[in-house]
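If you want the building blocks of each chain, they are given just below.
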Amino acid sequence: MKRAFSFGDKTIETAVRRVNAVRRIAVIGAGTMGQGIAIDLLLKTDAELILIDIDDQALARARERLSGRWARDVKEFRLRPEDAEALEMRTTFTSDYGLLPGCDLIWEVATESERVKAKIFSLIEESVDPESVAAIFSNTSSHTTAELAVLFRSEAFRCRLLTVHGYYPFEANRLIDVMKGKYASSETYAFGVVFADQVLEKTVIALPRDHHGYLTDPIFQAMAAIVTWDVKNAGDIVTRGGLWDLFTANPFSVLDQTGHMPYTESSHHLGEALPADDRLSSLYLRDGRHYPEWIAGLEARGFGGVGTPERKGFYEWSDDARPSPQRVFDAASGEYVAIGEISRKDHWSWYEAAERDRRAGRIKSAESLVHVASADDEGGRDFRRYVLPIALYALDMIQDGYATPGQINIATRAGLRFKVGLVELIDALIADLTVDGVIQLVRRAADENADDPHMVGMLDTDGVAGPREGKPCLLHEMKHRNIDRLLGYGYSYRTPVAELDLASGTYRGCYLDLKFVEPNSRDRVASIVFNCPLRGNVFNHAVIDQLGHAYHRALDLHRQGRCGAVLFTAAGTGMRMLGADAREFNRGWFERDRGYVPLTEEQAAASSKNAVGLFRVIQRSPLASIGVFGEKWGGGAEFTYFLDLRYDIRQHGFVYDTLDRVSTWRQKNTYNQPELDYAILPGFGGPGELKRLGMGDSIVFELFDQGMAADRAYQVGLSNGVFDEERDGLARGYEQARQSAKDAPYSRALFKKELQRGIDDAALARETGETFNPKKNPYVRSGLVKLLDRGARPPKMDYSCEDTDLPGWRYPPANGLEADAADEQPDVTKTAQEPRS
């Protein structure tokens, strides 16, 4: 959204007001990242943008890229010409720091060089009144916030500095880091988190403590660095770097696209600044070098990736709109040579893993990674040499209190686009081998690399060698406390939904694709926000697991009397909500040359059963449910039919008229059910729920055959309110949820039971009598005193349901976590325990 909303969270209300007051933003640095940030800010705010760079050519490239983007969006009917013109008018390209005064937010994105940053910060300090700036962001891949804050002379600027770091390509990558450090004020930190979360619409890794490179960058940096010292020829870049294709992508290919300078500058800084106990410190300083000589040679020749004039880096790239690698650098000869294939003979486990996944209909699964980890071929040895040290590093960050298990898993999934998060891999190894078995696997890797002292130190688990000497790995603590997993997994599909709190030994909700906002004590409204706007907030297996866990949290709060309603909405401009994930309609990865590979009937049936079963719990629970959404498609629309109330945000855009064969700008449909066009059914129960809501056959056909705009939905009674502005819809939806939360639990549960049952006069009379019985309905005394004694202050109602049987309702026995852990009750001083609901 272009404006933030507090969702009843009193701790961020001041930050929300400050974010909503931002009118002018400066971005310093017009390179690749600066351009991406500028595009994102222009599309997601109404603020004026000042793009500053001392290099006129960089400004010219930025102007060309932004103008080209707007022209392309006009051509492809995403923007109107007047919208593109307005974006151009809001953007100033300049080398003049004198335009900084009046900016509410300044974002430095220029360099990793501390010397250059110091000069920029000095110019900021000379130009700007600190009291007029909400925050100063610095985009860095390796520095801590404290290291950069001291570059300012004034405390007034230091307390406004945050390190805020996005990932390539910024406008299309959902992850962002916000790090506070010791100088930034709490107000500045809250502003940064709210801005990144609600305005930039990113998945935020918020770190109150400084850590070099946040969480994601040191993992990505290490993925390349740990291989670079072993590169002797072209095959090493392809094969050893290709190991990471099992997770995401070859890091050398990615670095060519982002440019080498951030990597080399970060390696230099990490080599000088990492603390002595950093497991991976030897990757950045060996024999006086911060990276190998062959990379320095590429730098000297100006071969820094796709963006250099020669379009050369670790690979040589094609010169077209979508560059692709054509040849690979051979460190032995200094030339570019043909890209070879990875040897099936030496790396058979990688090919076998891919085939196992294909046969099982999986994509880069944890099971296949475990298979490779234990293999006896070169592929297995490479996995143990390059992956295990980074997995141990992730455990170090958890052990040292820099990160939580869920944060690391989300960082690798969202930022690095791992198909299996790094902590999921650790859990899978433990599940297959036990904690003792994983320790033995690491010791096996250390034995295999005994002639490499750097590797022996990185593979130490016992605290006897290397940077972690005296600090045994977290695996030993897990073994002592009988902890066999760092994440909690969902009930339906066993995807991550919770993380271990190491201090208490319990699991707490942690979601990649949702946000859960706890109710405050006055309003008693929980908010569940679908939070993957880059993919349209699609309903995939992971979302079903996360929604199930989040809603069980709301039910647990309801039983305690702390929650009476849930507000459902979607993040992102337009608050869009898609249906079931089409990628999961194919068995495994869709490949054009293979065509559609059908699911089994049982798999397809399960996708409907699991979703509808969860929606039915939401529908029948005594919690009030209110949805505020914009454009909804398929299962996203069907989900809202299960809610008590629906508020719609009008949507406008280009709509193609199939009769006149032209696209015109007008109000778009907010309800869309295209399933029949694709030869499938609305598997989340849409037709039946529409009939339950009183829609006649003609209205149901209208919705499925042509869709329905917000105003039409309100006219036919499907929508309970229509708004132009997203924030207005949220405010009304939240207020309605707050009012509904005042309903007494017994009455609301009985009311919902009556709705489901239909007309039964005898049952109605009996149930009316029961509501007046305080032994059955303990809320009736305070409820009727409020009605009868209007002149007095009504007694506060105790909404707790701990000792009350609600009519027609039983709290589900499971807690949204997988069934095999639901009934465990271990001693939390020794073991990990699932939260119960």
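Scoring rules and cut-offs
- Residues numbered from 1 in each chain as written.
- Predicted model: local features only at pLDDT ≥ 70, side-chain atom pairs only at ≥ 80, totals over all residues.
- Heavy atoms only, no water.
- Helix = DSSP H or I, 4+ residues; strand = E, 2+ residues; numbered from the N terminus.
- Rg over C-alpha atoms; globule rule 2.2 N^0.38 Å.
- Buried < 20%, exposed > 50% of the residue type's maximum accessible area, 1.4 Å probe, protein only.
- Contact = heavy atoms within 4.5 Å.
- Pairing = 2+ DSSP bridges.
- Axes fitted to C-alpha atoms, helices over the stretch in contact; angles between N-to-C directions.
- Nonpolar A, V, L, I, M, F, W, Y, C, P; charged D, E, K, R; others polar.
- Expected span 1.5 Å × (residues − 1).
- Arc of directions from axis to C-beta.
- Polar contact = N/O pair within 3.5 Å; in protein donor to acceptor, adjacent residues only side chain to side chain.
- Lys, Arg positive; Asp, Glu negative; His and termini not counted.
- Salt bridge = Lys/Arg side-chain N within 4 Å of Asp/Glu carboxyl O.
- Phe/Tyr/Trp six-rings, centres within 6.5 Å; stacked < 30°, edge-to-face > 60°.
- 1 Å grid on protein atoms, 1.4 Å probe; cavity = no way out; pocket = protein on both sides within 12 Å on 5 of 7 lines; lining within 4 Å.
- Points joined across faces, edges and corners; volume = space filled by probe spheres on them.
- Core = buried A, V, L, I, M, F, W, Y, C linked by side-chain atoms within 4.5 Å.
- pLDDT = per-residue confidence, 0-100.
- Patch = residues over 30% accessible without salt bridge, like charges linked within 9 Å, V, L, I, M, F, W, Y side chains within 5 Å.
- Areas by Shrake-Rupley, 256 points an atom, 1.4 Å probe, with all protein chains shown as cover.
- Right-handed = clockwise from strand over helix to strand, strands pointing away.

A. Structural detail: the overall build of the protein chain. Along the protein chain, the regular secondary structure elements total 31 helices and 25 strands. Against the 2.2 N^0.38 benchmark of 28 Å for 837 residues, the protein chain shows a C-alpha radius of gyration of 28 Å, consistent with a compact globule. Overall, the C-alpha framework of the protein chain stretches about 90 × 60 × 60 Å when taken along its three principal axes. The burial tally for the protein chain puts 57% of its 837 residues in the buried class. Long-range pairs, those at least 24 residues apart, make up 69% of the contacts in the protein chain with a sequence separation of at least 6.

B. Region of the structure containing unusual backbone geometry. A cis amide bond links Tyr 168 to the next residue, Pro 169, at an omega of -15°. For Pro 169, the location among the structural elements is in the loop between strand 6 (161-166) and strand 7 (175-179). For Phe 77, which is not glycine, the phi torsion reads 60° and is therefore positive. Mapped onto the elements, Phe 77 comes out in the loop between helix 3 (56-75) and helix 4 (81-89). The partly exposed category is assigned to Phe 77, whose relative accessible area is 45%.

C. Here's a closer look at the pairing of strand 22 (residues 662-667). When strand 21 (residues 652-657) meets strand 22, the two strands line up antiparallel, connected through six bridges. Bridge pairing in strand 22 places Phe 654 opposite Trp 665. Counting the residues between successive antiparallel strands, the hairpin from strand 21 to strand 22 contains four residues, one of them, Arg 661, with a positive phi of roughly 55°.

D. Highlighting the packing of helix 18 (residues 405-415) against helix 19 (residues 422-448). Packing of helix 18 against helix 19 leaves a shortest axis separation of 6 Å and a crossing angle of 115°. Where helix 18 abuts helix 19, its residues Pro 405, Ile 408, Asn 409, Thr 412 and Arg 413 lie against Leu 422, Val 423 and Glu 424. Of the residues in the contact of helix 18 with helix 19, the class split is four nonpolar, two polar and two charged.

E. Layout of the environment of Trp 589. Residue position: Trp 589 is located in the loop between strand 17 (565-570) and helix 23 (601-620). Between the alpha carbons of Trp 589 and Asp 556 there is a distance of 38 Å; along the sequence they are 33 residues apart.

F. Helix 3, seen in detail. Over its 20 residues, helix 3 extends 28 Å from the first C-alpha to the last, a length consistent with the 28 Å expected when each residue adds 1.5 Å. What helix 3 keeps buried is the set Ala 58, Leu 59, Ala 62, Leu 66, Arg 69, Trp 70 and Asp 73. An end-on view of helix 3 places all buried positions within 100° of arc, on one side of the element. Exposed positions of helix 3 whose direction lies more than 90 degrees from the buried face are Asp 56, Gln 57, Glu 64 and Lys 75. In this structure, the buried residues of helix 3 make contact with helix 2 (32-44), strand 2 (48-52), helix 4 and strand 3 (91-94). A distance of 2.8 Å separates the backbone nitrogen of Gln 57 from a side-chain oxygen at the start of helix 3, and that oxygen is part of Asp 55.

G. Fine view of the environment of Leu 784. Its location among the elements puts Leu 784 in helix 31 (residues 780-788). Between the C-alpha atoms of Leu 784 and Leu 123, which are 661 residues apart in sequence, the distance is 67 Å.

H. Structural detail: the side chain of Arg 158. Within the secondary structure, Arg 158 is located in helix 7 (residues 155-158). The buried charged residue Arg 158 lacks any salt bridge partner; its closest oppositely charged side chain belongs to Glu 155, at an N-O distance of 4.5 Å. Only 2.9 Å separates the side chain of Arg 158 from the backbone oxygen of Phe 152, close enough to count as a polar contact. In this view, Arg 158 contacts Ala 149, Val 150, Phe 152, Arg 153, Tyr 183 and Ala 184; residues no more than four positions away in its chain are not counted.

I. How the structure looks around the packing of aromatic side chains. Taken as a whole and assessed by the stated rule, the structure comprises 35 aromatic pairs. Taking 5.9 Å as the distance between ring centres and 85° as the angle between the ring planes, the aromatic pair formed by Tyr 647 and Phe 723 counts as edge-to-face. Here Phe 723 lies in strand 25 (residues 721-723) and Tyr 647 lies in strand 20 (residues 645-649), a separation of 76 residues in the sequence. The rings of Phe 530, Phe 539, Tyr 551, Phe 568, Phe 615, Phe 629, Phe 639, Phe 642 and Phe 684 are connected pair by pair, giving a single aromatic cluster.

J. Quick peek at the layout of surface pockets. What the second largest pocket holds in volume is close to 1000 Å³. Residue assignment for the lining of the second largest pocket shows that the elements contributing at least two residues are helix 8 (186-199), strand 8 (203-207), helix 18 and strand 15 (514-517). Of the residues forming the lining of the second largest pocket, the biggest block, five residues, is contributed by helix 8. Residue composition of the lining of the second largest pocket, grouped by class: 16 nonpolar, eight polar and seven charged.

K. Highlighting the sheet that holds strand 9 (residues 315-317). In spatial order, the strands read 9-10-11; together these three strands make up an open sheet with antiparallel pairing. Each having just a single partner strand, strand 9 and strand 11 (335-338) make up the two edges of the open sheet. The sheet shows a mean angle of 40° between the axes of neighbouring strands, taken without regard to direction. For strand 10 (residues 325-330) and strand 11, the ladder comprises four bridges, and the chain directions are antiparallel. By the bridge assignment, Asp 330 is partnered in strand 11 with Glu 335.

L. A look at the nonpolar core. Judged by nonpolar contacts, the single largest core of 148 residues is most densely connected at Leu 475, Phe 530, Phe 539, Leu 547, Phe 568 and Phe 639. Contact partners of Phe 639, with chain neighbours within four places excluded, come to Phe 530, Phe 539, Leu 547, Phe 568, Phe 615, Ile 618 and Phe 629.

M. Molecular detail of the pattern of salt bridges. Inspection of every chain in the model, using the stated rule, returns 66 salt bridges. Between Lys 2 and Asp 46 there is a salt bridge, and its shortest N-O distance comes to 3.1 Å. You can see Lys 2 sitting in the segment before helix 1 (13-20) and its partner Asp 46 sitting in the loop between helix 2 and strand 2, a full 44 residues away along the chain. Note that Glu 689 and Arg 692 form a salt bridge whose closest N and O atoms lie 2.6 Å from each other.

N. Spotlight on the sheet that holds strand 2. Here eight strands make up an open sheet; going across it, the order is 3-2-1-4-5-6-7-8 and the pairing mixed. Because the sheet does not close on itself, it has two edges, and the strands there are strand 3 and strand 8. For this sheet the average axis-to-axis angle between neighbouring strands, irrespective of direction, equals 20°. Both strand 2 and strand 3 contribute to a ladder of four bridges, which runs parallel. When the sheet's bridge partners are listed, Ile 50 is paired in strand 3 with Thr 92.

O. View of the side chain of Lys 117. Looking at where Lys 117 falls in the secondary structure, it is placed in helix 5 (residues 114-127). On the basis of relative accessibility, which here comes to 0%, the residue Lys 117 falls in the buried class. Of the polar contacts made by the side chain of Lys 117, one reaches the backbone oxygen of Asn 139; its length is 3.4 Å. Discounting residues that sit within four places of it in the chain, Lys 117 has contacts with Glu 108, Thr 111, Glu 112, Ser 138, Asn 139, Thr 140, Leu 148 and Leu 151.

P. Geometry of empty space enclosed by the protein. Throughout the structure, instances matching the rule amount to seven cavities of 30 Å³ or more. In terms of lining, the largest cavity is formed by 13 residues, of which the most central are Met 1, Lys 515, Ala 570, Ala 571 and Gly 572. Listing elements by their share of the lining of the largest cavity, those giving two or more residues are helix 8 and strand 17. Residue composition of the lining of the largest cavity, by class: seven nonpolar, three polar and three charged.

Q. Region of interest: the confidence of the model for the protein chain. Summary statistics for the protein chain give a mean pLDDT of 94 and a share of 97% for residues scoring 70 or more. For the stretch residues 820-837, pLDDT sits under 50, and the model shows 45 contacts to residues farther than four places along the chain or on other chains.

R. Representation of a nonpolar patch on the surface. Residues Phe 772, Leu 784, Leu 787 and Leu 788 make up a contiguous nonpolar surface patch of about 420 Å² in total accessible area. Among the secondary structure elements, Leu 788 is positioned in helix 31. With relative accessibility at 69%, the residue Leu 788 sits in the exposed group.

S. Main features of the pairing of strand 1 (residues 24-28). Of all the five residues making up strand 1, five are buried; the element is thus mostly covered by neighbouring parts of the structure. Burial of strand 1 is two-sided: the residues Arg 24, Ala 26 and Ile 28 facing one way and the residues Ile 25 and Val 27 facing the other way are all buried. Of the pairings in the sheet, the one linking strand 1 to strand 2 comprises five bridges and is parallel in character. Paired with Ile 25 across the strands is Leu 49, a residue of strand 2. The handedness of the strand 1 to strand 2 crossover, carried by helix 2, is right-handed. Here strand 1 pairs with strand 4 (residues 105-108) via four bridges, running parallel. Looking at the pairing, Val 27 lines up with Trp 107 of strand 4.

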